[in-house]
Each structure stands twice: as structure tokens, then as C-alpha cells.
Amino acid sequence: MATTTTTRPGRLLIVLAVILVLLFGIMGLTKSWGPKLGLDLRGGTTITLTAKSLAGGGSVTAEQLAEAKNIISQRVNGAGVGEAEITTAGSNHINVAVPGASQDSLIKQVGQTALLYFRVVYDAQAGTPVPTTTPSAQPTTTPKPSATPKPSTTIKPSATPSATPKGRAWSSALGKDATPTPTPSAQPSTPAATPSTPAANNGDPLAWTPDAASQEAFAKYTCDQPAPVDDPDKPLISCSRDKATKYLLGPAIIKGTDLSGASAGIPQGGFQWQVNLNFNNEGGDKFLKATTAIAQRGEGQNLFAIVLDGETISTPSVSGPIPGGQAQITGTFTEADARDLANVLKFGALPVSFDISSVETISPQLGGDQLSAGIMAGLIGLALVILFSFLYYRGLGIVVVASLAVAALLTYASVVLLGKAIGFTLTLAGIAGLIVAIGITADSFVIYFERLRDEVREGRSLRSSVETGWARAKHTIIAADSISLLAAVVLYILAVGGVKGFAFTLGLTTLIDLLVVFIFTKPLVTLLARTDFFGHGHKLSGLDPEHLGVERLPGQAGPARPATKKSRPSTRKPVGGEV
Amino acid sequence: MSKLGNIGARLHRGEVSYDFIGHRKIWFGVSLALVVVSLVGLFARGLALGIEFKGGVEYQANVRVTDNSVADFTDAVKATNAQDLGDPVVTTIGTDKVRIQTRPLDQDDIAKVRTAIATEAGVQPNQVSTSQIGASWGDQIAHKAVLALIVFLVLVFLVIWIYFREPKASAAAIIALVHDVLITVGVYALIGFDVTPATVIGVLTILGYSLYDTVVVFDKVRENTRGITGSNRFTYSDAANLAVNQTVVRSINTTVIALLPVGSILVVGTAVLGTGPLKDLSLALFIGIAVGAYSSVFIAPALLATFKEREPGMQALRRRVLAKRGGAVTNASGMPVPAAAAAATAGGGGTAVAERPDRPQDRPRSGGTPVASSRPKSSAAAGRPQPTRKPRSKRGK
């Protein structure tokens, strides 16, 4: 057993050195020297949302969750918050992390239910206050460029669907441009006069016409104002996504739930991207009714708005009734545009509501306090463990200190690099995991050292004990660490929020512990056992006979004989000799 | 410290031993009592659930605490007339922090209350930390925790089974684990510590820790009982007890080492931050690790021995051992092995039943006879007595 190859310990130590140099080299190359700190350590707001499907009994699919994340991202970006991180967690959680001060309005916005509505467009104007004069004044002179939503398209008001090369239009018996360039100005003041909808029908959203109050509100509204609440039963003033255009919209005619699906694609024989819509039975009826009514309104007035979260996504036009519950929106779509619109529609068709599960706003001061408390606790814990090791294991304490130091270097490098690579952020719970891991790491040494001493007590020479003790101890260490790792993995997979950070660092340090024990601690002990100090059981080495409770170290001059009677005090000094 | 080393050596040789397994009835009784008390506490008193489980809003601000702080902040918060405010709970933390808890509030009201608190504390609103928890959030966390617990227990059962090739070891370890968790939760119920998600993390982490400890002890038990049926000298309980004695110093050491950093989190967390995740986490860990150390010494090995001794092979062994001892030892369980037993030589044969009787020579060491067992890792012996590596003369005594 004592046939340690002379090269092995050194080789392993070189491997470790190479690993360390590599890790720190990468850190140097990427210039990332500090770990990415969580918001609870530097101040900021963390919002955890739970997505619930309104339609399907509460649970959401992975696809819906991804869509929901997109919607939240849009809301957050729309609120002008920089550096926000939006991630999904588990099967139905979305985390929004916003550094800096508290964000009351953002929290409110982020928690809204995402619902899609189709509304009739009564007016459209530039979203900026510049051209706003009395809306009724210019029936025909609305500033054209500002009134066009993002796809600035020149629209030909031809009625043939195929003939609309640019704008977006409902096709299938109709074709119309989505962009209301020539139209929106049409009759801001006259809708009451348009007899397109029988005024008698009060409950019908199509019957609504703007009154003076809403006209006035519309005139005053600018797109830099916070978005109004999207109540489907009421008219709405809404802006396009780019905030260039504002729309005066009637009550919702069709809800997202009336849609059964949406997809983007190029129709057979076609070459333009389009968005296909499918309505459910009820939705199909509503759509037929709505398109019938809208088509009557005439050129420039026959616009629908697709509104998500109070934001107008698209305003296609309708030139005729569309039966059958199927429709296409055509126009100048890029693939990305078409997919985006289809996703919006799909998402609106499967409305997801968000519960604000938790919002944590940590002031930068408290964050700083938590960070320093965590670091302080870690240092004190480390110092105590080292102190204990020296007291109990004396010289072997050096091994503990060195191993902990190597483990600390590896851990630090891993945390920094993982922050860079996969965006791992160190949270307070993560720091706690690191501190707790000090115990686990030191534990491996205890197992080994106790084994080693057991072997010596059994009458082996020190150098052979180093090997035989290791042979036994490594199985125990692997088994015990596996259990720790298992706990960490289960926690990580099943847990939410802070637990994740804790489990992650715990798992990471367990792996590092294994690595350190195998390629550093063991080789180091092997090397130390060859020194006079340890190998001959110096009084301070932690391997002296008295410390081990044996009379003298076996394998040395004199009969190797463990003390067997308690009456005999083990005071004899070890005698030097070859091991 | 060398004294401890000395004790360690004597424990290792079996010169000194405490009959952990023999006295198992006492320890089972103690544990049973603790578990019952815990359960009573849990059901009678319940857990003091933190705001994270009930839903609500918690504010925290730095302020110089005075005698009037609580009243001042209560008034300030009430003056906001926030809807459905309930009675705000104001607590001071140390001398420089105040914490206010309210029921779940509307988003606008949260901002209002925060401003009121900031004004009262004389700080900017963004220096007030808030934590707002929806009412259903706690249920989700609790649900996840229970799920994690179950998944973990099942996995651990399998892993231990595979590692020790012995479902009884799994059962013993899991019972000890449940015992640890129950007592820890019981302590929380009885003392009334706040239970927060951090506490839950702590309790779940205990699982890993407690098992870690148990696995190490079981490893030694396995080593000592390997091929035990090949000799008539020790019962399973004897061997297990020796294993516990041999590892008890290690158990103490690892527990101390584990508790040192956890204790430092507890102290620093409480002293610097007053309250919060660090304190909650480390408190649960501290209690759990202590209980876990107790169970892996007193409960888990005793359970394992109890289970194993139900096996016919082990019962036969016990009868043979007792017969060999001339009926002197009538104690139902394993007594510390008398030194006389050391005279026996490594016998082969035996009615090998369980436990892979591959290395009969690898019997537990005991008495004054430190047997320098060479522990080959592979099991090539196939039940035959194998020559030991060192001549007996070199082994001392």
C-alpha cells in the first residue's frame, strides 16, 4: 500500500495549478474580476410574477410563458427602465429584476393582465402634441407623415385584396391598408353623423360614437403620458407602439378570447408575409358582424385597431364583411413583423394574467449592509474553522488552510465566470450557501484525517496510512458529497427565487470540494508525509503518537505497537527512523 | 486536545465505548418524546408564519430608534388611510432600524405608505426597503418545499440503497431524517421563531447535512459488519456499536466544524442586520445540524441494527455469539464486546445469509485487538477465509 508513485502527487498539483491559471486567465481576458451581485446586495427591485392562464384552468404552457415574458419585457422596456433583467423561472414564474430605486408604476404595469381587444378606430393623430389643433377643424388635412404608424406605407385605396402591396389589410373579400394615412383625419367631428351604426342599439359597442368629452380628451392626450386603463367596455385612447400615432378607439368589439389561433406565413402562390387569424364560433359571428359594420363606414374610416395592453399594435382596414371565422391580414410585412403580430394575437387569444407574487425592494443601503454582513460572516466562519483545525489537527491545520484557500480561489473564479457566462448572480442566499459550504469542505478533511489516524492506530506506518486511509476515506467522501449534491440539485430544480441561489452555490462548492480533496488535499498530505516534520510525527504535526493516542508511530525504529492499556500513559517521544 | 485524540484512539480500539446501540431503547424513547412534543407543538401552537406566507407588505427603514418610534410610525402609517390597512405591526430592530408590516395593499397605497414612512424616518422614499408578497405566494412556496422534500426523500432512499446495497440502511437513514426535520420544525413551533422562505431553505438543507453524517457512520458500520456472519464473535449490533464509537469523534468534529460557520452567520446576521434571510436560514440550520448530529449517532445506527437483527441470518448469528459467550451475555442487544472474545480466531464458514460474506477476515476489531485488516476494495474472497496481509506477529499483541 505504501507504494506511492513518486510522481503522482506532484502531477495532480500541477493539474490544479493549470486549472487555476486557466480560470484566472479567462477572468483576466474578459476583465471580469468581481462577481455579479444580486439586487438584494446592491439595491433594486425584484418582482416575481406568477402567470396564470385565464382560459385553461390556471396553468400555462411553456410557449405561453415565453410569450408572457415577451409581453413583460415590452412593458418594462416601454417604461424606460434600463438594465432590467426578465427571466422565467419554473413552470409559471417570471422574474423581473430592476436595479435602482423602487418602481411603483412599473410594478403596477407589469402585473397587469395581458388582454387583446379589437376596437373600431374613430380617429388617429400624431402622438406628439405638435399638430394638435381642434380635432374637428381639419377633416382632411391631418398631417400625413406623423399619422402613419411604423410601417410607413403608401396606400392605394383600391378595393382588391391582391392590389394592396404595402399597407396591411383584412383580406378575404376585402383588402385594405392598415395604415391610415389618408384616412384618420376623415371625420373626427362627424362620426355622430355617420349613420353606419344604428344608434338605437345601446349595448352594441359598434354603436358607440365619440362625444364631445372624449373628443376633447383625445385632443389633449399625448403619447408620452401614462397609458390609460384598458377597459373593454369603454372607449380608449391608445398609442401605437412607437408612440408616433394616437388613436381614438371605440369599445372592444372582439376580445382576445374570441380568437382560436393566429399564425404568420406566406400564402400559397404568394410572396408576401401575412398573418392568418382563426376565430372560434362566437368570435367568427362577432367578426362577421363587426366587419359588416366597419366595411360600411367607407374609405379611411373602415379601420380596426388591434390593441394589446392598451397599446395599438396594428390597424388594418376592412372593406367588406368577412364570414367564416377566418381572415388574413396582408400588407408589407417582414417576416419578423408578421411573426410578431401573430404572436401578439396568439398571446391575446390565450390571455395570461399575472399575479404579483412578491416584490422586494431593497434600498442600496440595506443591500450594502447585507453584502458586508455576508462577507463578515464568511470571514469569521472561515477563521473559526481554521482556528479549530489548528487546535485539533495542529500541523495538519496547514493542509486545511491551504485546501480552503484553494477551494476559495476556485469558488471565486467559478462564481465570477459563471456570472459572465450564464448570468449567475450572487445573492444573499448564495453567500449563505458559500459560508455553509465551508463546513462541508472542511468536513471532507475531517473524514480523511480521522481515517488516516485510524490507520496509524491500527499499526500502519504513516506513509502507508496516508494511502490506505485515503483509499477508504475517498469512498466515504464521494458518498457523502453525492448526497449533498443531490440535495442541492433537487433544491435548485424545485425551488424558486432565493432558494435557487443558495442551492446553486451549495452544489457548486460541493463539486469544488470533491475536486480540491482529490487533486490538492490528498497529494499535499502525501508530500507532507515525506517530510521529517509530519512523516516522523513531530509533536506539532498533528500526527505525533501522543496526539493519535498510540505509544509510538508504527514503522519507526522499535516495535510498532499501539498502546493497548489505558494505564500506560503515552508519553514516549517518537523515535526517528526510516519510514 | 491530545486528550480527545487519546479518547479517539481508545474508542477506535473499543477500549472505551459507550453502548449506543445497547441503550437504544433510551434514545428511541427520548426521540419519540421529542417528536411527540414537536407534533403537539406543531398542531397546538402552529408555526409563526412570516409575512412571506401570509401575504402582506413589509417596510424597513434606517432610523434612530427612540421610545416613541413604534407609536410614531404606527400613527404615520395609519394616517395614510390606505385601504384595508389593518393594524400595521411596527417593530424596531436594534437601535437603528424599524420594520413595519401591513396587510396586502394596493400598489398606490404601497407607495403612499412608503412615502409616509420615509417622511417619518427622515429619509428618501427609495431608502425604504419594501417587500410585498401576494397572498398565494406562501402556498406556492410551501407546496414547492413539500414537493422538494418528497422528491429528495425518494431519491435519497434510492441512492443510499444503491450505495449500501441495503434498503434497510435507506429506511434507517430516512426515518432519522424525518425525525430531524420534525424536531427542528417542532422547535420552531414551540419557541415561536418566524418561519420564512429562508427557514424553509434551511430545513431543506438540513436534509443534506443530516444524511451526510449518517452516510459516514453507516459506511463504518458496513466496513465492520462485512462478513460478520463468517465469525461467531459479534452480533450485528456489536459491530454497529463499535462503528458508532469509532466515528463518534469524527461526528463531533464535523458537527463543530459545520456549526462554526453557521453560527457566525447567525451571530453576524442577527447583530448587523437584525432580522432577515441570513438569520432565518442559519437559525434553522443551526438547530437542524445539532439534531442531525444527535440522530446520526444515537438513532440512525440503532435503527439500522434493529432492522438488520430481524433477519434470520443475523438472529442465528446472535444465538451463536451468545452461545459462544456461554450465555454470560444475556443482554438482548449488543454489549460492548468483551475482551475475551478477542481470543477467537478468524473462522470461516458460518451460515452466510446476508451482507456479502466475502471477507470473513474483515471482522470488526474490538477489545484490545487492533486487527490490521487489509481492506481490499474488491470482493474476491467469495466467502473463503483469506490470509491477512501482515503476519499476526507484526500486528501487535
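Residues numbered from 1 in each chain as written. Chains lettered and ligands numbered in written order. Predicted model: local features only at pLDDT ≥ 70, side-chain atom pairs only at ≥ 80, totals over all residues. Heavy atoms only, no water.

Per an unreviewed UniProt entry, chain B carries the name Protein-export membrane protein SecF and comes from Kribbella amoyensis. Quoted verbatim from the Sequence similarities (unreviewed entry) heading of the UniProt record, the comment on chain B is "Belongs to the SecD/SecF family. SecF subfamily." If you open the UniProt record of chain B and go to Subunit (unreviewed entry), you find "Forms a complex with SecD. Part of the essential Sec protein translocation apparatus which comprises SecA, SecYEG and auxiliary proteins SecDF. Other proteins may also be involved." (UniProt positions renumbered as here; feature names shortened; annotations may be inferred.)

As annotated in an unreviewed UniProt entry, chain A carries the name Protein translocase subunit SecD and comes from Kribbella amoyensis. Under the heading Subcellular location (unreviewed entry), UniProt records this for chain A: "Cell membrane". Turning to chain A, the UniProt record has this under Sequence similarities (unreviewed entry): "Belongs to the SecD/SecF family. SecD subfamily."

1. Some points on the pattern of salt bridges
Overall, the coordinates contain 17 salt bridges over all chains when judged by the stated rule. A salt bridge links A:D258 to A:K286; the shortest N-O distance between them is 2.9 Å. Here A:D258, found in the loop between β7 (245-255) and β8 (259-265), pairs with A:K286, found in helix α7 (residues 281-295); they are 28 residues apart in sequence, far enough to count as distant. Classification of A:D258 as buried rests on a relative accessible area of 4%. A single salt-bridge network, built from bridges that share partners, covers A:R451, A:D454, A:R472, B:K220 and B:E223. (Salt bridge = Lys/Arg side-chain N within 4 Å of Asp/Glu carboxyl O. Helix = DSSP H or I, 4+ residues; strand = E, 2+ residues; numbered from the N terminus. Buried < 20%, exposed > 50% of the residue type's maximum accessible area, 1.4 Å probe, protein only.)

2. Regarding the UniProt feature "transmembrane region" (unreviewed entry) in chain B
Following the UniProt record, the feature "transmembrane region" (unreviewed entry) maps to residues 26-44, 145-164, 171-191, 197-218, 256-275 and 281-305 of chain B here. Here residues 281-305 of chain B runs as 100% helix and 0% strand, with 34 Å between its end C-alpha atoms.

3. Digging into the environment of A:T209
With respect to the element layout, A:T209 can be found in the loop between β5 (169-171) and α6 (212-220). Overall, A:T209 belongs to the partly exposed group, its relative accessible area being 27%.

4. Quick look at α6(A)
Residues and elements named next belong to chain A. The complete set of buried residues in α6 reads S214, Q215 and F218. Buried residues of α6, viewed axially, fall in a sector of 105°; they line one side. In this structure, α6 carries A212, A213 and K220 as exposed residues pointing more than 90 degrees from its buried face. Tucked into the core, α6 has its buried residues touching β4 (116-126), β6 (236-240) and β7. (Arc of directions from axis to C-beta. Contact = heavy atoms within 4.5 Å.)

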